[in-house]
Amino acid sequence: MSAYITLELEHTLKEILQVVKPQQDDRSTRLQVINELQGVVESVESLRGATVEPFGSFVSNLFTRWGDLDISIDLPNGAYISSAGKKRKQNLLVDFQKALRKMGGWRRIKYIPNARVPILKFESSRQSISCDISIDNLQGQMKSKLLFWISEIDERFHDMVLLVKEWAKAHDINNPKSGTFNSYSLSLLVIFHFQTCEPAILPPLRDIYRGNVADDLQGVRANAERHIAETCAANIGRFRQNRTRKVNRSSLSELFMSFLAKFSDIGLRASELGICPYTGKWEYIRSNMRWLPKTYAIFIEDPFEQPENSARAVSMGNLIRVSEAFERSRRTLSSADQNRASLLATLVPPQVLQYIAKAAPLQSPTYNGRRYHPQPTRPQVYRNMHTPSQTQHQFQNMRLDTPQTQHQFQNMRVETQSNYSTVTRPVQAIHNQGQQRWRARSDR
């Protein structure tokens, strides 16, 4: 792949990111929906005292301008983690569904009671935001925080996830309902790629949390969450401060191309090997008793809920199509015949192309009469380092500041004065535009 093609691809990826990254209004719109849903919850007698808690890409900060909202309705259970059974969750979702229809303002309502986690899907009529509601989904909330913390290690992870999601949509392989990847499994593929590139950008996730997060979410909620947060903070701090590890200086375009190359033969590998972000390695399925018997087309283990398969929706027939999408994209993007239009057609779905056409293009100086992205020929070091001498590290607390200040959606903090060990209580999360306030759970 020539230097010119790499630079042209780099420019195009930056152009895509400029369009898909959410703006202040996109965050504010989702907060409005959250506040409206809290109002619906408060109108349901069986949900008295319950709270609306966002999770998923909105909390991990891996959402695009048109990303949906994942919402957990958390039931009151004193200081302890609630453990409602599946039947009760189904009944509560039915009650919530009735309230949605009665209040109006919501459309395309679809109840899915027999999913692994019962959910209610719908869309806000005013904001056109798609929502998935579940009950007491603390695991989902914790996984979202973990993905956010991981993204703080290196800023390229955030950008790669957004780019991979759009690429997967362009090739129709980001839809679990039709037998392909969900967005969570795509994020895990990016993590695994960052663990296995040379030199590695991310550590095996067991080096961040040695245990099974899903199993450790029990007992007093504040204690369980604090233990996980403090453990992750300390381990991430150690990884960041390790000055002996080699630094990966790859650009986004280089990482994207190596991502496509790594999984271009996934259709063949998946018959014998599973993807394990927990160990950061390909693992033989036949040697891993917790993955047997093999009943899935591809195994991408959920590192926070082992041994669950995050890619269980992928069918055998679609796995071939997935593998072909990787290889076809790799060949296309490597071709010397590419131009901006053909690159974009490979990288984003048609609806995103429309946004890009309206956006102001990035400046592109000339290089021997040809365009290239105005970046150094060797990319900068992406470390995003924070040291203990800094008084605060974005890590644990969620802040949704007022529009009058710079909006920092995920202001997750750990006080660093005691070796990343003291987790501060979540600060009040306020969207102050005259609407109802939504505050982080532990501040209520």
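Residues numbered from 1 in each chain as written. Predicted model: local features only at pLDDT ≥ 70, side-chain atom pairs only at ≥ 80, totals over all residues. Heavy atoms only, no water.

Naming follows an unreviewed UniProt entry, where the chain appears as Poly(A) RNA polymerase mitochondrial-like central palm domain-containing protein of Lithocarpus litseifolius.

Caption draft 1: Region of the structure containing the overall build of the chain. Each helix and strand counted, the chain has 14 helices and 12 strands in total. Evaluated residue by residue, the chain yields a buried proportion of 54% over its 444 residues. Looking at the chain alone, contacts between residues at least 24 apart form 68% of all its contacts between residues at least 6 apart. Within the structure as shown, the chain displays about 19,500 Å² of accessible surface, and the carbon and sulfur contribution to it stands at 48%. (Helix = DSSP H or I, 4+ residues; strand = E, 2+ residues; numbered from the N terminus. Buried < 20%, exposed > 50% of the residue type's maximum accessible area, 1.4 Å probe, protein only. Contact = heavy atoms within 4.5 Å. Areas by Shrake-Rupley, 256 points an atom, 1.4 Å probe, with all protein chains shown as cover.)

Caption draft 2: Expanded view of the packing of aromatic side chains. A full pass over the atoms with the stated rule returns 14 aromatic pairs. Taking the centre distance of 5.4 Å and the plane angle of 85 degrees together, the rings of Trp-106 and Phe-122 count as edge-to-face. Here Phe-122 lies in strand S4 (residues 119–124) and Trp-106 lies in strand S3 (residues 106–112), a separation of 16 residues in the sequence. An identical accessibility class is assigned to Trp-106 and Phe-122; each is buried. Their ring planes at 85 degrees and their centres at 5.3 Å tell us that Phe-192 and Trp-282 sit as a pair that is edge-to-face. Of the two residues, Phe-192 is situated in helix H7 (residues 183–196) and Trp-282 in strand S7 (residues 281–284); the sequence distance between them amounts to 90 residues. Using a relative accessible area of 0% as the deciding quantity, one classes Phe-192 as buried. In this structure an aromatic cluster arises from ring pairing among Trp-167, Phe-192, Phe-259, Phe-263, Trp-282 and Phe-326. (Phe/Tyr/Trp six-rings, centres within 6.5 Å; stacked < 30°, edge-to-face > 60°.)

Caption draft 3: The arrangement of the nonpolar core in detail. In this structure, Trp-167, Phe-181, Phe-256 and Phe-259 are the most contacted members of the largest nonpolar core, which totals 75 residues. In this structure Phe-259 touches Met-160, Val-164, Trp-167, Leu-189, Val-190, His-193 and Phe-326, once residues within four positions along its chain are discounted. Judged by nonpolar contacts, the second largest core, of 30 residues, contains Val-44, Ile-71, Leu-93 and Ile-133. (Core = buried A, V, L, I, M, F, W, Y, C linked by side-chain atoms within 4.5 Å.)

Caption draft 4: Looking closely at helix H12 (residues 316–334). Taking 1.5 Å per residue as the helical rise, H12 with its 19 residues ought to reach 27 Å, and the 28 Å between its terminal C-alpha atoms agrees with that figure. All of the buried residues along H12 are Asn-318, Leu-319, Val-322, Ser-323, Ala-325, Phe-326, Ser-329 and Leu-333. The arc that holds the buried residues of H12, viewed along the axis, is 150 degrees, so those residues lie on one side. What points out from H12, more than 90 degrees from its buried face, is the exposed set Met-316, Gly-317 and Ile-320. (Expected span 1.5 Å × (residues − 1). Arc of directions from axis to C-beta.)

Caption draft 5: Spatial organisation of the pairing of S3. One ladder, built from five bridges, connects S3 with S4; its direction is antiparallel. In the sheet register, Trp-106 faces S4, and the bridge partner there is Ser-124. Hairpin connection of S3 to S4: six residues between the antiparallel strands. (Pairing = 2+ DSSP bridges.)

Caption draft 6: Broad picture of the side chain of Ser-57. In this fold, Ser-57 is placed in helix H3 (residues 57–60). Those residues in contact with Ser-57 that sit more than four places away from it in its chain are Leu-62, Phe-63, Asp-68, Asp-70 and Lys-165.

Caption draft 7: Spotlight on unusual backbone geometry. Residue Pro-293 is reached from Leu-292 by a cis peptide bond, and omega for that bond is -5 degrees. Mapped onto the secondary structure, Pro-293 falls in the loop between S7 and H12. Cis geometry is found at the peptide bond from Gln-306 to Pro-307, where omega equals 0 degrees. Relative to the assigned elements, Pro-307 resides in the loop between S7 and H12.

Caption draft 8: Quick peek at the pairing of S4. Of all six residues that make up S4, five are buried, and the element is covered over most of its length. Linking S4 back to strand S5 (residues 130–135) in an antiparallel pair, the connection comprises five residues, with Ser-128 at a positive phi of about 55 degrees.

Caption draft 9: Representation of the pattern of salt bridges in the model. In this structure the tally under the stated criterion is 21 salt bridges. Where Arg-116 meets Glu-308, a salt bridge forms, and the shortest distance between an N and an O atom there is 3.6 Å. With a gap of 192 residues between them, Arg-116 in the loop between S3 and S4 and Glu-308 in the loop between S7 and H12 connect regions that are remote in the sequence. Accessibility expressed as a relative area gives 28% for Glu-308, which makes it partly exposed. (Salt bridge = Lys/Arg side-chain N within 4 Å of Asp/Glu carboxyl O.)

Caption draft 10: Quick peek at the packing of helix H5 (residues 138–151) against helix H9 (residues 221–241). It is at 11 Å that the axes of H5 and H9 come closest, and there the two elements cross at 20 degrees. Between H5 and H9, the crossing angle belongs to the class labelled roughly parallel. Remark: the crossing between H5 and H9 carries right-handed chirality. Contact residues: H5 offers Leu-138, Gln-141, Met-142, Lys-145, Leu-146 and Trp-149, while H9 offers Arg-221, Glu-225, Ile-228, Ala-229, Cys-232 and Ile-236. Taken together, the residues that form the contact of H5 with H9 break down as eight nonpolar, one polar and three charged. (Axes fitted to C-alpha atoms, helices over the stretch in contact; angles between N-to-C directions. Parallel < 35°, antiparallel > 145°, perpendicular 65-115°, else oblique. Left-handed = near helix turned anticlockwise from the far one by under 90°. Nonpolar A, V, L, I, M, F, W, Y, C, P; charged D, E, K, R; others polar.)

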